[in-house]
Amino acid sequence: MDVATFAAGCFWGVEHEFRKIKGVSEAFCGYIGGHTDGPTYRDVCSGQTGHAEAVEVTYDPAVVSFEQLVEAFFQLHDPTQLNRQGPDVGDQYRSAIFCHNEEQTKLANQIKGRLEKEGAFKKPIATKIVDTKPFFKAEEYHQKYFEKNNIQICH
């Protein structure tokens, strides 16, 4: 099994969509990229921690590739929005791929570059591709939020 970490706005919908992908065995909501240890949802929402809402995905690379996950990531949110997604505003809602190794960094940059070259989006892609940082799992009530609350879509 391998791990990939994506930030694409509110983590509830992102987690829900990644869980649907064949080969993904687990997806957890959490916080990453900031300067505080063990942040809470309230801490992250304050905008003072530097953390982004993110999803850590565990997947079987024999079934789904990292490239396929990155392609899905770019389709399930608007990667052209800087520090926001829809009505959610702040750097905690930024678009980012937190790479766990050099191969992930290379592939993520290649896919982002190809999408930019193809003009896949009407505006420039704001997604940052960065080295991973410690991932802090969000509180239990955030995990599988859509399933627990019978929700199909956020916005």
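As a reminder, the structure under discussion sits directly above these lines.
Residues numbered from 1 in each chain as written. Predicted model: local features only at pLDDT ≥ 70, side-chain atom pairs only at ≥ 80, totals over all residues. Heavy atoms only, no water.

### Notes on the overall build of the chain
So, point 1. Each helix and strand in the chain was counted, giving 5 helices and 8 strands.
So, point 2. The secondary structure elements of the chain, listed N-terminal to C-terminal, are β-α-β-α-β-α-β-β-β-α-β-β-α.
So, point 3. The C-alpha radius of gyration computed for the chain amounts to 14 Å, which stays within 12% of the reference 15 Å derived for 155 residues, consistent with globular compactness.
So, point 4. C-alpha atoms of the chain, sized along the principal axes, occupy 40 × 30 × 30 Å. (Helix = DSSP H or I, 4+ residues; strand = E, 2+ residues; numbered from the N terminus. Rg over C-alpha atoms; globule rule 2.2 N^0.38 Å.)

### Looking at helix α3 (residues 66–75)
So, point 1. Among the residues of α3, those classed as buried are F66, L69, V70, F73 and F74. Looking straight down α3, one finds that the buried residues subtend no more than 135 degrees of arc, so they occupy a single side.
So, point 2. At its buried positions, α3 is contacted by β1 (2–8), α1 (11–19), β2 (24–32), β3 (52–59), β6 (95–99) and α4 (102–118). (Buried < 20%, exposed > 50% of the residue type's maximum accessible area, 1.4 Å probe, protein only. Arc of directions from axis to C-beta. Contact = heavy atoms within 4.5 Å.)

### Observations concerning unusual backbone geometry
So, point 1. A positive phi angle, close to 55 degrees, is found at N83, a residue other than glycine.
So, point 2. Relative to the assigned elements, N83 resides in the loop between α3 and β4 (84–85).
So, point 3. According to the relative accessible area criterion, N83 is partly exposed, its value standing at 30%.
So, point 4. Even without being a glycine, K144 presents a positive backbone phi close to 50 degrees.
So, point 5. With respect to the element layout, K144 can be found in the loop between β8 (135–137) and α5 (145–149).

### Observations regarding the sheet that holds β6
So, point 1. Read across the sheet, 6 strands follow the order β7-β6-β1-β3-β2-β8 without closing on themselves; strand pairing throughout is mixed. The sheet terminates laterally at β7 (128–131) and β8, the two strands that pair on one side only. Sheet twist, expressed as the average angle between the axes of neighbouring strands with direction ignored, equals 35 degrees.
So, point 2. Two elements, β2 and β3, share 8 bridges in a ladder whose sense is antiparallel. When the bridges of β3 are listed, G30 appears paired with A54.
So, point 3. Contacts from α3 reach β1, β2, β3 and β6, with the element oriented near 15 degrees to β1. (Pairing = 2+ DSSP bridges. Axes fitted to C-alpha atoms, helices over the stretch in contact; angles between N-to-C directions.)

### Some details on the pairing of β7
So, point 1. As paired elements, β6 and β7 share 4 bridges and run parallel to each other. Looking at β7, one finds that F98 is bridged to V130.
So, point 2. At this point the chain moves from β6, through α4, to the parallel β7, and the crossover so formed is right-handed. (Right-handed = clockwise from strand over helix to strand, strands pointing away.)

### Digging into the nonpolar core
So, point 1. If you look at the biggest cluster of nonpolar residues, it comprises 34 residues, and the most contacted ones within it are F6, V57, Y59, F66, L69, F74 and I97.
So, point 2. Contributions of two or more residues to this core are made by β1, α1, β2, β3, α3, β6, α4 and α5.
So, point 3. A total of 5 residues in this core trace back to one element, the largest contributor, which is α3.
So, point 4. Residue contacts for I97: discarding those within four places in its chain leaves T5, F6, F66, V70, F73, F74, A108, T127, K128, I129 and V130.
So, point 5. Core analysis: the second largest hydrophobic core is formed by 7 residues, A7, A52, A54 and F98 among them. (Core = buried A, V, L, I, M, F, W, Y, C linked by side-chain atoms within 4.5 Å.)

### Looking at the packing of aromatic side chains
So, point 1. In total, this model carries 7 aromatic pairs according to the counting rule given.
So, point 2. Ring geometry for F11 against Y31: centres 5.8 Å apart, planes inclined by 45 degrees, an arrangement best described as tilted. Separated by 20 residues along the polypeptide, F11 in helix α1 and Y31 in strand β2 bring together distant segments of the chain.
So, point 3. On the accessibility criterion, F11 (1% relative accessible area) is buried.
So, point 4. By relative accessible area, Y31 is classed as buried at 0%.
So, point 5. Pairwise contacts between aromatic rings join F6, F18, F66, F73 and F74 into one cluster. (Phe/Tyr/Trp six-rings, centres within 6.5 Å; stacked < 30°, edge-to-face > 60°.)

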